[in-house]
Amino acid sequence: SLTPDQRAKISDLRAKSDAEVATAKHALDAASAKLQKLLETGGSEAQVASAIDAVTAQENAIRKARLLAWVRARSFLDASQRSKVEKAAATKKSH
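Here the residue numbers are simple positions, counted from 1 along each chain's written sequence. Side-chain atom pairs in this predicted model are given and counted only at pLDDT of 80 or more, local residue features only at pLDDT of at least 70, and totals for whole chains, interfaces and linings cover all residues. With hydrogens and water set aside, each side-chain value is computed from the structure's full complement of heavy atoms.

**Notes on the environment of K25**
Our working rule: The helix and strand labels rest on DSSP assignments: H or I over at least four residues marks a helix, E over at least two residues marks a strand, and numbering proceeds from the N terminus. Any residue under 20% of the maximum accessible area for its type is buried, any over 50% is exposed, and the rest in between are partly exposed; the area is computed with a 1.4 Å probe on protein chains only. Here, two residues are considered to be in contact whenever any of their heavy atoms come within 4.5 Å of each other.
Along the chain, K25 turns up in helix 1 (residues 4-41). Residue classification places K25 among the partly exposed residues on the basis of a relative accessible area of 39%. Once the C-alpha coordinates of K25 and Q58 are considered, the two residues, 33 residues apart in sequence, prove to be 7.1 Å apart. In contact with K25, other than residues within four places in its own chain, are I62 and R66.

What follows is the structure in structure tokens.
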């Protein structure tokens, strides 16, 4: 069971992480739309490559924000709590 302090820290962390992910998703949507337009209108190879880089950067930003949130959340837990969370995550992945 989490302590009130842990709950507060994790709640704050989640809010910040969700905001980061939302910002990156918005940027990803814009970058994806630009790439799609270039593909439809015959953009140059350099333009398409740049647009692909922009899409990939936003996908990476989303992945990074989620993974760092997981790492930071784990740092708020004691060893027993981390073990329970890791077991639950492993069970979820196997299903």
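After that view of the structure, there is still more to cover.
**Quick notes on the nonpolar core**
As a rule of thumb, nonpolar side chains are buried together in soluble globular proteins. How we decide: Nonpolar cores are built from buried Ala, Val, Leu, Ile, Met, Phe, Trp, Tyr and Cys residues. Side-chain atoms within 4.5 Å join them into one set.
Counting residues in each nonpolar core, the largest one holds eleven residues, listed as V21, A24, L28, A31, L35, L38, V48, A51, V55, I62 and A65. Of all the elements in the fold, those that place two or more residues in this core are helix 1 and helix 2 (45-75). Considering each element in turn, this core owes the most residues, six residues, to helix 1.

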